[in-house]
Structures are given as C-alpha cells and as structure tokens.
Amino acid sequence: MEGALTARDKIGVQDFVLLDAYTSEAAFLDNLRKRFRENLIYTYIGTLLVSVNPYQELGIYTENQMGLYQGVNFFELPPHVYAIADNAYRLMCSELSNHFILISGESGAGKTEASKKILQYFAVTCPMTESLQIARDRLLLSNPVLEAFGNAKTLRNDNSSRFGKYMDIQFDFKGIPVGGHIISYLIEKSRVVHQNQGERNFHIFYQLLEGAKEELLAYLGLERDARLYKYLSQGHCAKELSINDKSDWDTVSNAFSVIDFTDEDLENLFGIIASVLHLGNVCFTESAHGCATIPDTHEIKWVAKLLGVPPSALLFALTHRKIETRTEEVICPLTTDLSIYARDAMAKAVYGRTFTWLVNKINSSLVNKDFTRKTVIGLLDIYGFEVFDKNGFEQFCINYCNEKLQQLLIERTLKAEQAEYEAEGIEWEPIQYFNNKVICDLVEERHRGIISILDEECIRPGPATDLSFLEKLEEKVGKHAHFQTRKLAGPKGRKGIGWMEFRLFHYAGEVTYCTKGFLEKNNDLLYRHLKEVLCWSKNLILQECFLVAELQNRRRPPTVGTQFKNSLSSLLEILISKEPSYIRCIKPNDGKEPSKFDYCLIKHQIKYLGLMEHLRVRRAGFAYRRKYEHFLQRYKSLCPDTWPQWQGPPAEGVERLIKYIGYKPEEYKLGRTKIFIRFPRTLFATEDAFEFSKHQLVARIQATYKGCLERRAYLEQKRAATTLEAYWRGALARKEAERRRSAVQTIRKFIKGFIHRGQPLSPDDEEFVVLVRKNYILNLRYHVPKDILDKSWLRPPGILEDTSDLLRRMCRRNLVRKYRQGLPPNKIAQMQQKVVMSDIFRGKKEGYTESLNQPFANSRLDGDDISPKVLQLICAEKIQYGIPVIKYDRTAFKPRPRQLILTQKAAYVVDLAKIKQRIEYSTLKGVSTSSLGDGIFVIHISPEDYRQKGDAILQCEHVFEAVTKLAMLANKENLVKVVQKSLQFYVSPAKGGTIVFNNGPEEQVYRDKIGRLIVVSDRLLAR
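Structural notes, computed from the coordinates. (Residues numbered from 1 in each chain as written. Predicted model: local features only at pLDDT ≥ 70, side-chain atom pairs only at ≥ 80, totals over all residues. Heavy atoms only, no water.)

**Some points on the sheet that holds strand 27 (residues 976–979)**
Reading across from one edge, 23-22-21-20-26-25-24-27 is the order of the 8 strands in this open sheet, with mixed pairing throughout. Two strands bound the open sheet, and with one partner strand each, they are strand 23 (914–920) and strand 27. On average, adjacent strands in this sheet sit at an angle of 30° to one another, irrespective of strand direction. Relative to strand 25 (residues 936–941), strand 24 (residues 924–930) runs antiparallel, the two being bridged by 5 bridges. (Pairing = 2+ DSSP bridges. Helix = DSSP H or I, 4+ residues; strand = E, 2+ residues; numbered from the N terminus. Axes fitted to C-alpha atoms, helices over the stretch in contact; angles between N-to-C directions.)

**Description of the side chain of Ser 275**
Structurally, Ser 275 can be placed in helix 12 (residues 263–280). On the accessibility criterion, Ser 275 (2% relative accessible area) is buried. Of the polar contacts made by the side chain of Ser 275, one reaches the backbone oxygen of Ile 272; its length is 2.6 Å. Excluding residues that lie within four positions of it along the chain, Ser 275 makes contacts with Val 303, Leu 306 and Leu 307. (Buried < 20%, exposed > 50% of the residue type's maximum accessible area, 1.4 Å probe, protein only. Polar contact = N/O pair within 3.5 Å; in protein donor to acceptor, adjacent residues only side chain to side chain. Contact = heavy atoms within 4.5 Å.)

**Quick word on a nonpolar patch on the surface**
Among the surface-exposed residues, Trp 643, Ile 701, Tyr 705 and Leu 709 lie close enough to one another that they form a single nonpolar patch of about 380 Å² accessible area. Position of Tyr 705 among the secondary structure elements: in helix 29 (residues 680–755). (Patch = residues over 30% accessible without salt bridge, like charges linked within 9 Å, V, L, I, M, F, W, Y side chains within 5 Å. Areas by Shrake-Rupley, 256 points an atom, 1.4 Å probe, with all protein chains shown as cover. Salt bridge = Lys/Arg side-chain N within 4 Å of Asp/Glu carboxyl O.)

**Focus: the sheet that holds strand 29 (residues 991–999)**
Pairing is mixed across the open sheet formed by 4 strands, whose spatial order is 28-29-31-30. Two strands lie at the open edges of the sheet, namely strand 28 (982–988) and strand 30 (1004–1007), each paired on one side alone. Taking each pair of neighbouring strands and ignoring which way they run, the sheet shows an average axis angle of 20°. Bridge count between strand 30 and strand 31 (residues 1013–1017): 4 bridges; the pairing is antiparallel. Directly across from Gln 1004, in strand 31, lies its bridge partner Val 1016.

**A short note on the packing of helix 8 (residues 203–211) against helix 11 (residues 245–258)**
Packing of helix 8 against helix 11 leaves a shortest axis separation of 8 Å and a crossing angle of 100°. Relative to helix 11, helix 8 is oriented roughly perpendicular. Contacts between helix 8 and helix 11 involve Ile 204, Tyr 206, Gln 207, Leu 208, Glu 210 and Gly 211 from the first element and Asp 245, Lys 246, Asp 248, Trp 249 and Val 252 from the second. For the contact of helix 8 with helix 11, the per-class residue count stands at 5 nonpolar, 2 polar and 4 charged. (Parallel < 35°, antiparallel > 145°, perpendicular 65-115°, else oblique. Nonpolar A, V, L, I, M, F, W, Y, C, P; charged D, E, K, R; others polar.)

**With respect to the pattern of salt bridges**
By the definition in use, this model includes 41 salt bridges. The partner of Lys 361 in a salt bridge is Asp 265, with the nearest N and O atoms 3.1 Å apart. Note that Lys 361 is positioned in helix 15 (residues 336–366) and Asp 265 in helix 12, a separation of 96 residues in sequence. On the accessibility criterion, Asp 265 (14% relative accessible area) is buried. A salt bridge links Arg 729 to Glu 725; the shortest N-O distance between them is 3.9 Å. Taken as a pair, Arg 729 and Glu 725 lie in helix 29 at a separation of 4 residues, close to a single helical turn. A relative accessible area of 53% places Arg 729 in the exposed class. On the basis of relative accessible area, Glu 725 is assigned to the partly exposed category, the value being 42%. Where salt bridges share partners, they join Arg 162, Glu 188, Arg 191 and Glu 199 into one cluster.

**Quick notes on the packing of helix 13 (residues 298–307) against helix 14 (residues 311–319)**
Taken N-terminus to C-terminus, the directions of helix 13 and helix 14 make an angle of 115°; their axes are 9 Å apart at the nearest point. Read as a crossing pair, helix 13 and helix 14 show a hand that is right-handed. Here Ile 300, Val 303 and Ala 304 of helix 13 come into contact with helix 14, specifically with Pro 311, Leu 314, Leu 315 and Leu 318. In the contact of helix 13 with helix 14, the residues fall into 7 nonpolar, no polar and no charged. (Left-handed = near helix turned anticlockwise from the far one by under 90°.)

**Here's the deal with the nonpolar core**
Residues Phe 122, Phe 149, Phe 205, Phe 256, Leu 314 and Met 346 are the most contacted members of the largest nonpolar core, which totals 115 residues. Top contributing element to this core by residue count: helix 15, with 14 residues. Discounting chain neighbours no more than four positions away, the residues touching Phe 149 are Ile 187, Phe 202, Ile 204, Phe 256, Leu 269, Ile 273, Tyr 351, Phe 355 and Leu 358. Listed in part, the 86 residues of the second largest apolar core include Tyr 383, Phe 396, Leu 611 and Leu 615. (Core = buried A, V, L, I, M, F, W, Y, C linked by side-chain atoms within 4.5 Å.)

In structure tokens form, the structure reads like this:
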C-alpha cells in the first residue's frame, strides 16, 4: 500500500483512512473520483472495501490476478475483492475461526458480481480433490439458479436481486471447500403479480418461454409470446435487448443437471411456474348479486392440471371464502376485488414457498455428509439502503435490515479497534459516533416498536386500515425524536409528508414511508379455502410446501414483519459468531455508462452506506498502524543505524529510525508489536523521503551489482582466455612443425626440379614448374606495357616462351582495343585515313614516314575560298574535301592555279568561279604518283568518256592527304599506283603523254624538247 502513495496526487490514496481531511465528504468524493478515472474501482477504509461498478471489463479478474493475491499480506497489494477473500480464507485456515463477508449496496452497484468473484476465487485458488469437484461445481452453479428465480430487471439494474441471500461455504481442516448452505431473506413476492413501468417479473418466466422446447411448452399449455400473460406484461418490457433469455435458460438447465434435480423435480417445478402464468390470466366478472364469477374456465383447467388439484375445487376456492368458528363453518361468496386479491395471494404464496423449496433443494445437494468439524466463510449479499420517491413496506423492511447491519458494523469496528489498542498497550480513547440503536429499538421494540404496532393492527377485531395504523403510530411513538408525521411535524416539515405517510430519521438520513398497503403486505394472508386446495395437490413440490398439518393449526401465522424481524435476529446471531469483512458497492451513474461519475448519486450512496461514519470511527485514533518488522523492513534505508540490516529487536530499530527521521511525540505511539501513526501527512512525508532515498540506493546497488557482474565476467573471460591461449599455442606449434615439414619437402622438390629443368617434364618436377609459372605470372603483372608504344616485355624462362608470346599478343591487342575505344570519332576517322594511306604508300613513296605524324585536315579550303557560283553549281552535292592545286596543261604543261574539290559523287577542278573539269568517280580509272618526294599525282579517266578532256595532272603540297581522301571517297584504294621514274597519261583517247621523275639539285617541273613533262625533286615530301 505504501508504494502507491507517491502517485497519490494523480490516483488518490488506496485507503481513505490516509486522507488528511477525513471528515470532508468532498475530499472523500474527490479521492474516489481520481481512482475511478484511472479504472481503480477498489479502495479501502481500513479493512472495509469500497467497490465502484465500472460497467465495463477491466481485465482484473484473471487467474493470474488470483495467483497474485493468493497468500499475500492484506495491504501489500492494491485493494481488490480478491484481497478480502484471501484475507478471510487465510485467517480461517490459520485460526480455525469462522468468517463472513458482508456485501451491500443499492441495486446495480455490483453486489451479485462481487459475490460471484469471491466464489470463483475460492474455486480456483483453494486446494481441490477430484471427489470434491462436484461440491464445488454445485456451489458455483447454485448462483444462476437462484438468480433465475430471485432476480429481475428493475429500472436501476437488469439483474437486480429481489431477495437477501446468505451463503455459508464449508471448508475442511485442509482448507478444501466441501459443502455449503444458503439462507434467503424476504423475497419480493409482490413482483410476481405486479411490476412497475419498465420493469420485469422474475427471470425464470421469460427464460422458460424463450428457451424451452416446443414439446415442454405444449405440455405446460404456454405460448412463447410473453405479452400474452398479464403477470409478465404490466411493465411493457417483456423483451429486453440487454438480456439473452435463451442463453440464460441453457445455463440454468445445465445447472439443474449438476445440482442433482431429477426429471420429476423439474416437471413439477416448471408446472408451478406455468400455473402462475395461467393463474394471472384468470378473469373475474360480477354477477347480478355482486358476487365474483369466472366466465372462462380455460385457464382454471390448466392451473388445476399443472398443480394436480380438482378444477371445480379451485374454481370454488377462488370465488368463495370459508370462515370457521368454534361451532360451524360459513361459506360466503367473494366480490370481484376479493377474488382478484385471492388469486394474487395464491400466486404469491405458491411462488414464495416454491422459492423456499428451491433453496432447500440446493442446500440438500450442497450438504456435506462428513460430520467432522468444519470452518465456514459466509457471504451475505443483501439489499442496500433504499430511498425512492414512494417508499412502501418493502423499503421499510430493507432499511430496518440496514440499520441492524450498520449497528453491527460500528460495534464490531469499535470492538476490533478497542481490542487492538488493548493488545498493543495503548490507552483507549472513547470515540464519538452516532449510535443507531435508538432507531432499531423504534422499529423492533417489543409491544412499543413499529412492527409490534403493525401486528396489533393486523390482528385486532374491527375494521383496521392503513390510516388507523398511522394514527396508532402517532399515539404510541409520536414523541420519539426519530419519528415524524404530517400531523406531528412543524410547518416546514409538513411540506414533504403526505397524510398517509410517516418519516423515520435513519442513520443515513430521513426516509418518508407511505403506509398504503402496509397492513395487506404484512398480513400476506392466503384464504383457508385456497390453502386446503393446495394442501391436497398432487404436485410433489407443493406437497412439501403446503403441509396438511397447517390446516390443523388454528393459530394465526406470524406476520411478514415479525417473520422478517425473527430471521434478521437469527442472521445477526450467525454474523456475531463470525469474524467480519465488509464490501460496500457503489453505483457510479444511473445510465450504466462506463467512466461516468455522477457526484450527486454517489454522494447519496456514501451517505446511505454509512461510509463517512465508518471512516470517522476508523480514523478517531490512528490513521496508520503496522507491525514493527514490516515498518522497519520498508523504511530502514532512511537511517544509517538501521541500514542495511538492523541486528537488534525490531521495536528498538523502529524507535531509532523514527527519532532519526524526526517524528514528534504527538504524531505516533509505540505498541507492543506495532507502531501507530496518528496523521497521514506524517506517513506521506516518510514515504516521500523513502522514495527519494530509494533512487540513491538503487543507483548504489546498481553500481555495486554491475561491478560484481563485470568482475565476474572478467574472471570468467580471463579463465577462458588462459585456456584458449594454451590450446592456441599448442595448435600454433603443431601448425609450425607441419609448415616446416612441408617446407623441407617442397624445397627438396624444387631443388630437384631445378636440377632437371632442362630435361623432359616428370611428375617430380610438377611443383617446381608450377612455382616458376606462378612467379613469372606474378612478376609479369608489374612489367606489363602501359601503352601501345611501349615495346618492352619481361623475359620469360625457357619453359614459358610460348606462353609469354601468347600473353604478349593478347596484351598488345588489349592495349590497341583500349586505345581504339578511347579515341573520339574525328580521331577514328583520322586513323582510318592513315591506315588507308599506309596501305597505299608504305614503303613505296619517299616522305611517307615523315607524313605519319602530320594529321589530315578535314579540308584545306575555307567556305570563303570557294566561289559562291561554284557552290551554287554543286549545291546538290555535299563538299567532303577541298585543296589548292596546280594543274598542268596536257599539251604545253603550263601550270595554272586551281582548286580540287571532292564531293560524295565526283571530283571538281575549279578555276575561281568556273568548273574546269568534273570527274565522276565511276569514270575514274586510277590515280598515279611517283615514288619520289614530289607532289605530282595524275587522275586517270577512261579514254572512252568523250565528255572528259583527258587525265588531270595536278600538284599539291599535301599529296598523301589528297590522294588518300580521293581514293576513299571513290572507294578505289586499290587503283592508286606509285610508279618508278615515269608514268603514262592520256590527253585524248588517241593521244598520250609521259611524265618523267628524277632527282636533282633543285625542284623543277618543265617540258623537254621531245614533249615530255620532267619533274625534278630535290627533297623528301614530308606532308
């Protein structure tokens, strides 16, 4: 519990006793709201548990949760219904004492669910044997059966318990549940015949109609539509979406089979349920004499058949009354109103006694036949304090019951507090509280209490009415301080009290009761004639419920009020003999909405549940108390003397601890085994200091622990490293020895191979050859030529000469490919032209070698050098190359400057703005040039072409370039000839000429005497 105090501002405190403003209802509500907002629905007031219905699944009722709370100290974990159940179970086992858990609250607050959770906890966590499994199952499945017959939908709750239930769970000396016993209190029989708007009758009626098979309904004479039956349709909500009657019927049917109901029992039971429905549909009319008659006996026949009584006797009993005197019997007819009263009284009596039989039947199946001493835990699921707009006889009984239970709670709480103080040797300080014994006496006092006055009115001769009862109350208890009527109240008090009402000032507040119906409900008379019919019933259940011996007893049966008072006294005797635990259930809103917190509604319930009164009693002394061992164990870190271990008695350790912390004398008391702290703020300050020191301690512990872990890991690693090193050194030594052995063998083979290197290969030389190859290849990678011009190459050993040549060729081809791939397109074109030039002139003409380094030009003429007229004439053809040339006439060999222009289709010899000669490539017969260094070349043309003037003799500075480009454009590289000394050319088809090539001291071109063209070259042509 102390661990949650650090978050108290957000989630509140787990125990209302720790509230500083414990007398403030606003502080109480605020703490409840904080916890409800965080889905923390449970809070303690000391050992009392306050439970707020969440109206949603929270996942806090799993088997893991049950295991968490099993065997744990009550305040160690957050508040929970399992903590209450486990605490009661552990104390019962350890002290062999009987306990009870009182669960109370208004309808819809979750009382029934709380009792189910407690039963489930015992079923799961208690030790169990296979033979006792049936007893446990019967105990669990008794709940759905009792809910079907005793629960109903109300405006506030879809599964409201309309009866009080006390269940004893019996345990053997091992703590194993071996049996149980159930006592029911004040079932709301009036619901059988009347329901308010929006409410339903008991669940079993609707489950039978919705879930039973057709054969069973036909046997019972029922239809599935609940609206056909008067007793089921008065609330106008026979069908409810939130209730699955068919599924519930299956659950109840399964429970019947486990609880050991025979087929005959079920047949008789369902016959009674069906007879009540038929009975509600019996209609009466008034005869001419003012007497009641039943015109349609169809329903009477069904009732008679199902109950096993004669139809005529039942018909007569519903319309007549037998009055017995000492000497005679008088039969008198009933009026319509009295017949309706008789019918409803019969329905209520039949259902009420059948419910009692059902409880007894369940008890007989739960009884343990081993008569050794048992310990028990009782569960009391009872209605809480009720205050409606109109409060009647039922609310009077319920609130009287709550007065008695509140009296028990306060007395037991005070007694427990006083006993603890005395046991611890602390002086008891009287506690001021409201003692509601005065109210209990007002209700139950013999001869002078309200119940006694009511009984007197019911049995006195003469006409007794609800109004005469009220007047009797004013006469006998009118002067009581907690009683008031309109007549007795002052001017201000009269406004809220009607003429037929009286007001009681209960411990939880004032409640106004309407006396209308008090006498009738208290009498709850069943006419003797009807009782006789039921006593002779053939239905086996009714035979047990209505004994013939009743007819022989002439004494008036006790009234409902007296019966309830007596049963309540018996209940209190049972509870006083047991150790108590309390659960107070609260409904957060009327709309059953999750997370909605209705302040007004909850404030109303806190008042009527007496929670503030209980808190005041619990806090009158000390807010917090703990055994020395637990207190010292938690807070010992706050004092250097007690940390880390206190060696002396725990009491001395706690005393040393609180002195070091600085507790003031008025803030605490030291008992024999416990420390008592008076103010919550003292505990909060201690907890905050502990929270602060905890972080420092945790850091120190973590550091020490991490150091320990690291040291442990280091030592482990050191041992592992030592072992690994030893193995590794051994492995290395073995490896080194093997390496040396292998090296010796290898060296021996290599020496042998070197000696026999000139001889044919043999298997013994294989490793030597491999080494030679490897070394050569590895060395070659550092001597590979980097470019195509590098002619160097690593000299190979003799056995690898062929391999070396192959690698050299591959390397050179690779370098060429790389060089070729790295060239731009214009360079590639240059190279292609150079290759053609090489094919034509290499080794044939002087000046070739010098011309290799001279790049070819795309053209030796600019666009401005060519006449526009020429361009216009050859515009259809794209100019590929142009160069200035000297043309020699074919007859006198007179030199004339011209331009040689090459296109895609032809070669043009141009004189300024005039084309002197056009030579188509198709008519080109060849090109000739000398082997000397002159720049003369002759373009040969077919002599048969009459359009041509003969061969063209031209001279230019770039003869290699011009001839190569002409040959490539004409695609006639093989027609270029390099001649020695002289060449022939044609002036016309019938006339030729000769050109002679010589070397001389200077360059000359002239015509000799015999008409030949003499070309003298004195230098190499390097272009």
